[in-house]
Amino acid sequence: MIALYQAAMALLFILASFVRLPFFLPGRGLADMNALFVLYLAYFRPVRQGAAFVCAVGIAMDSLSAGPFGLHLVVYLFLFTVFRLAPRYLQVKNALFLAASSALAVLVEEGALAFPVLAAGAEPAAPPELARHIFMSVLFAGVVGWPVISALRAGSEKVSAWRTARRTTA
Amino acid sequence: MFTRKTATIFILIVLFVVFSVVVSVTDRGRAGSRSVETLLLSAIAPLSDAASRAFASMSRVWSGYFGLVNTAQENEKLKRDLTTVRQLLIEERETTEENKRLKALLSFTEKSDRKLLAARVVGEDPSAWFRSVVINRGKNDGVKEGAAVVTPLGVVGRVLRASGSYSLVLLLLDPNHAVDVRFSRSRARGVMVGARERGLRVKYVLKKEDVKKGDLLVTSGLDGVFPPGIPAGVVAEASRQGEGMFQDITVLPFVSFDKLEEVLVVQENPEPPSWEGP
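Residues numbered from 1 in each chain as written. Chains lettered and ligands numbered in written order. Predicted model: local features only at pLDDT ≥ 70, side-chain atom pairs only at ≥ 80, totals over all residues. Heavy atoms only, no water.

Asker: Describe the confidence of the model for chain B, listing the residues and the values that go with them.
Answerer: In this model, chain B carries an average pLDDT of 80, and 84% of its residues clear a pLDDT of 70 or more. Confidence metrics for the complex model read pTM 0.66 and ipTM 0.73. (pLDDT = per-residue confidence, 0-100.)

Here it is in structure tokens:
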């Protein structure tokens, strides 16, 4: 059941990234906010389950994006691995920490996605429009990171509790 | 039968009436009577007006007070009606705009001698680094990978990947996209590449070539992807200041990529140039 919930959430995040919505940020709208979902998996889900969903989201994004195939997958796995270490040393349920780590994750993601483009020489440097887009995305992630990840966590806890109650009743 | 007093009063009334009738008939047109009438009118009209206003106010208060009973319900109903009408208006505007776009697409399709397939944009790459869109036509509709994608305004991009019912289109703005173009005035050729939000750039145009701001660019057809003669953009800036043998040319596309909703997929690509001599 929890896997179904996570699959639904993963699909929701992917759709939210790709479907054309009335954007409320200047420029080209929101960045790829799957980084928040990856953070949720890294902080609050078991490693195997989290890794499986990270791979699924990464492959889905690679299929839908014009970037080199595997780029999103590698970036998400990198984020998952790095941020997976945080719960060992830090209180990951803290609102401030979630906000800061969300902003950092989006920044790292944007940097990692930009690397192959810049390395290939297609762009001499990041133009101001892209810098502004990245700044707004990082800011947005910082603002919505805590409520989004907390909502994902609360949802999974409710699903787990509901599942447990059903088993007990049965 | 009548007492003397009653008879006197009756006679006086009759006389008064007769006198009034006689006066009103015979004195019509005299200035003096008009003065009296005007005076009376000036004196009485304000009173009448005040009385009318008072009665009207009372009437309004009365009807308003009792009308309040239904006002809230009526207000709610009107609000609902207004919302519905607004929604209908928005839908109608959207339909009108869509109709215009589809008419333009249809007109372009009919004029073109190539087989074109209309498609709707259903998704967009969220990354700032890659510019692509997803369209609702795929291999099942005859879309092939590498096919050109255009609108009546100009070049859009090319199909990067195609699944059964959907395709990923690499937009002209992406730095990985290149089109062989020709300047319509000077006939000089170049390769147009994407530069994301900065528009497009044309590479490999020699400094000796006559290129000016405002020159129109069309596809040359020599890349084997885009049919020749499709508008690609207009020169925004052409500079010979840089080092090297080529000009630095910036181009503005005709297509507004952020507002892209419907596109046409060219199903028959032009024949690539042959190297065989005559």
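We are not done yet, so read on.
Asker: Could you give me a rundown of the confidence of the model for chain A, with the residues and numbers involved?
Answerer: Averaged over every residue, the pLDDT of chain A is 82; the share at 70 or more is 88%. Contacts for the low-pLDDT stretch residues 22-27 of chain A, under 50 throughout, to residues beyond four places or in other chains number ten contacts. (Contact = heavy atoms within 4.5 Å.)

Asker: Please set out the sheet that holds strand 8 (residues 200-203) of chain B residue by residue, giving values where relevant.
Answerer: All names here are of chain B. The six strands are arranged 6-7-8-11-10-9 in a closed barrel whose pairing can be described as antiparallel. This sheet shows a mean twist of 40° between the axes of neighbouring strands, independent of strand direction. Of the pairings in the sheet, the one linking strand 6 (residues 178-183) to strand 7 (residues 189-194) comprises five bridges and is antiparallel in character. Considered in strand 7, the bridge of V181 is made with G190. (Pairing = 2+ DSSP bridges. Helix = DSSP H or I, 4+ residues; strand = E, 2+ residues; numbered from the N terminus. Axes fitted to C-alpha atoms, helices over the stretch in contact; angles between N-to-C directions.)

Asker: Describe the sheet that holds strand 3 (residues 148-151) of chain B, listing the residues and the values that go with them.
Answerer: Read around the barrel, six strands follow the order 1-2-5-4-3-12 (chain B) and close on themselves; strand pairing throughout is antiparallel. Neighbour-to-neighbour, the strand axes of the sheet open up by a mean angle of 45°, direction not taken into account. Along the sheet face, helix 3 (residues 47-64) of chain A touches strand 2 (132-135), strand 4 (154-162) and strand 5 (167-171) of chain B and points at about 140° away from the line of strand 4 of chain B.

Asker: Report on the packing of aromatic side chains, specifying residues and quantitative values.
Answerer: Applying the stated rule across the entire model yields seven aromatic pairs over all chains. Taking 5.6 Å as the distance between ring centres and 85° as the angle between the ring planes, the aromatic pair formed by B:Y204 and B:F246 counts as edge-to-face. Residue B:Y204 is found in the loop between strand 8 and strand 9 (216-219), and its partner B:F246 is found in the loop between strand 10 (231-239) and strand 11 (248-252); the two are separated by 42 residues along the sequence. The class of B:F246 is partly exposed, set by a relative accessible area of 33%. Taken together, A:F13, A:F37, A:Y40, A:Y43, A:F44, A:F83 and A:F97 form an aromatic cluster joined through their ring pairs. (Phe/Tyr/Trp six-rings, centres within 6.5 Å; stacked < 30°, edge-to-face > 60°. Buried < 20%, exposed > 50% of the residue type's maximum accessible area, 1.4 Å probe, protein only.)

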